[in-house]
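# Results of the structural survey
So you can see what is in the structure, the chains are spelled out below.
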Amino acid sequence: MLYNLLYPLADQFPLFNLFRYITFRTGGAVFTSLVLAFVLGPWLIEQLRARQTEGQPIREDGPESHLLTKKGTPTMGGLLLLISTSIATLLWADMTNPYVWAVLLVTIGYGFLGFMDDFLKVSKRNSKGLPGKIKLLGQFSIAALASWWIAHNTDPALATQLAFPFFKNLLLDLGWFFVPFAMFVMVGASNAVNLTDGLDGLAIVPVMIAAASFALITYLIGNIQFADYLQVHYIAGSGELTVLLGALVGAGLGFLWFNAPPAMVFMGDTGSLALGGALGAVAVVTKHELVLAIIGGLFVLETVSVIIQVGSFKLTGKRVFRMAPLHHHFEKKGWHEPTIVIRFWIISVILALIGLATLKLR
């Protein structure tokens, strides 16, 4: 919004020429969302506590320690992430950019679904929330609209193509299958982050790492000179998503202040579904869907652990892990929560570096 209002005045006021630079506006988005999170956080947490006298319902089949350490902690903290990210994006991004609206649609739409899920959990005092089929229907519907919009606004030569990391020119034309594939990426990323959100600070830091990594990718992909130098596919307009991702990183830092162990608030499905969906949508825009599986490898591992656990139990009656998702397995093995969280953060950094290496190793 500031870009659309102030940059046209650059001829009269040269200082406003700064708004042409994505790097400047990204820095502004990071700072704005961070300050918003710090300012709104205490008030929002107080409001959530007042309305959630018993906090988030704790799974009875989860680790026994959670019944003591997590009891009474309010959920829906994802509202802080959504508010801070959305306001900062609206202020600093070019709001005529179709990709910004596509990612915001997924982020806010999935956040609303997550909010409804959290609301039902809290109001009905159980850990089930919104029925799975309704939640998936909502996710796929939002993803379908966003996928069509992204394809409609992308160069027809690339609109339905799937790019492969480590290869310069290898593309697979998905044709009509592009939309279902893009829907799967968004829904899969959303639910993968949701499964990872089980310990204090466990999900938000890997999300910030992935968002920062994709901020670099969007900036390079959206710049024709950098894209040509790196021999990656140039997506006109995708660089504007750097601002949105910067806002997400700033909001994440602010949220971590309150979510660090012992957490004052949980993000809940309100945050986890929205953040995962945002990462998935950005990956679709930049043609880096497969790279998301590398950078977000921790989310993939958590999801795969659940699939393996459920599949093994149904087929053989035996469990591969002591408990799924994977972080609960290590809790059952006696690892302390901070140990699990920090080691998973380290894994996220390593995977992000491998994912970024695909930009050059071609």
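In short, a report on the structure.

### Here's the deal with the overall build of the protein chain
Regarding its fold elements, the protein chain presents 15 helices and 2 strands. Taking all contacts inside the protein chain whose residues are at least 6 apart in sequence as the whole, residues at least 24 apart take part in 75%. Between the averaged position of the 24 positive side-chain charges in the protein chain and that of its 20 negative side-chain charges there is a distance of 7 Å.

### Concerning the pattern of salt bridges
Following the criterion strictly, the structure yields 5 salt bridges and no others. Residue lysine 121 pairs with aspartate 117 through a salt bridge whose shortest N-O separation is 3.1 Å. Of this pair, lysine 121 and aspartate 117 both sit in helix H5 (residues 98-124), 4 residues apart, roughly one helical turn. Side by side, lysine 121 and aspartate 117 carry an identical accessibility label, which is buried. Measuring nitrogen to oxygen at the nearest pair gives 3.3 Å for the salt bridge that ties aspartate 269 to lysine 135. Residue aspartate 269 is located in helix H11 (residues 268-286), and its partner lysine 135 is located in helix H6 (residues 132-152); the two are separated by 134 residues in the primary sequence. Looking at lysine 135, the relative accessible area reads 13%, which means it is buried. A cluster of three or more residues bridged by salt bridges with shared partners is formed by Asp117, Lys121, Lys135 and Asp269.

### As for the nonpolar core
Membership of the largest hydrophobic core comes to 86 residues, with the highest contact counts inside it found for Tyr110, Met186, Ile204 and Phe214. Leave out the neighbours within four places in its chain, and methionine 186 touches Val106, Tyr110, Ala143, Ala146, Ser147, Ile150, Gly276, Gly277, Gly280, Ala281 and Val284. Ranked by size, the runner-up nonpolar core spans 9 residues in total, among them Leu298, Phe321, Ile340 and Phe344.

### Considering the packing of helix H2 (residues 22-51) against helix H10 (residues 241-259)
Relative to each other, H2 and H10 sit at 30 degrees, their axes nearing to 7 Å. As far as their axial angle goes, H10 and H2 are roughly parallel. Every pair of crossing elements has a handedness; the one defined by H2 and H10 is right-handed. Contacts between H2 and H10 involve Ile22, Arg25, Thr26, Ala29, Val30, Ser33, Leu34, Ala37, Phe38, Gly41, Pro42 and Ile45 from the former and Thr242, Val243, Gly246, Ala247, Gly250, Ala251, Leu253, Gly254, Phe255, Trp257 and Phe258 from the latter.

### Some details on unusual backbone geometry
Proline 261 connects to proline 262 through a cis peptide bond whose omega is -10 degrees. With respect to the element layout, proline 262 can be found in the loop between H10 and H11. Unusually for a residue other than glycine, glutamine 231 sits at a positive phi of about 60 degrees.

### Digging into helix H8 (residues 204-221)
Spanning 18 residues, H8 covers 25 Å between terminal C-alpha atoms, matching the ideal 26 Å at 1.5 Å per step. Counted residue by residue, H8 has 15 buried out of 18 residues, so it is predominantly covered.

### What about the environment of proline 261?
Considering the arrangement of structural elements, one finds proline 261 in the loop between H10 and H11. Proline 261 sits in the partly exposed class, given a relative accessible area of 42%. A C-alpha to C-alpha distance of 8.7 Å links proline 261 and glutamate 337, two positions 76 residues apart in sequence.

### Some words on a nonpolar patch on the surface
Side chains of Met1, Leu5, Leu90, Trp101, Leu105, Leu145, Trp148 and Trp149 sit close together on the surface and give an oily, nonpolar patch of about 780 Å² of accessible area. Sorting the residues of the nonpolar patch by element identifies H5 and H6 as the ones contributing at least two each. Of all the elements, H6 adds the most residues to the nonpolar patch, at 3 residues. Within the secondary structure, leucine 90 is located in helix H4 (residues 78-92). For leucine 90, a relative accessible area of 31% translates into the label partly exposed.

### Some words on the environment of proline 338
Here proline 338 is to be found in helix H15 (residues 337-357). Separated by 78 residues in the primary sequence, proline 338 and alanine 260 have C-alpha atoms spaced 9.7 Å apart.

### Looking at the side chain of threonine 89
On the secondary structure map, threonine 89 appears in helix H4. Looking at threonine 89, the relative accessible area reads 0%, which means it is buried. Not counting residues up to four positions away in its chain, the partners in contact with threonine 89 are Met95, Val100, Leu104, Leu244 and Ala247.

About the thresholds
- Residues numbered from 1 in each chain as written.
- Predicted model: local features only at pLDDT ≥ 70, side-chain atom pairs only at ≥ 80, totals over all residues.
- Heavy atoms only, no water.
- Helix = DSSP H or I, 4+ residues; strand = E, 2+ residues; numbered from the N terminus.
- Contact = heavy atoms within 4.5 Å.
- Lys, Arg positive; Asp, Glu negative; His and termini not counted.
- Charge placed at Lys NZ, Arg CZ, Asp CG, Glu CD.
- Salt bridge = Lys/Arg side-chain N within 4 Å of Asp/Glu carboxyl O.
- Buried < 20%, exposed > 50% of the residue type's maximum accessible area, 1.4 Å probe, protein only.
- Core = buried A, V, L, I, M, F, W, Y, C linked by side-chain atoms within 4.5 Å.
- Axes fitted to C-alpha atoms, helices over the stretch in contact; angles between N-to-C directions.
- Parallel < 35°, antiparallel > 145°, perpendicular 65-115°, else oblique.
- Left-handed = near helix turned anticlockwise from the far one by under 90°.
- Expected span 1.5 Å × (residues − 1).
- Patch = residues over 30% accessible without salt bridge, like charges linked within 9 Å, V, L, I, M, F, W, Y side chains within 5 Å.
- Areas by Shrake-Rupley, 256 points an atom, 1.4 Å probe, with all protein chains shown as cover.

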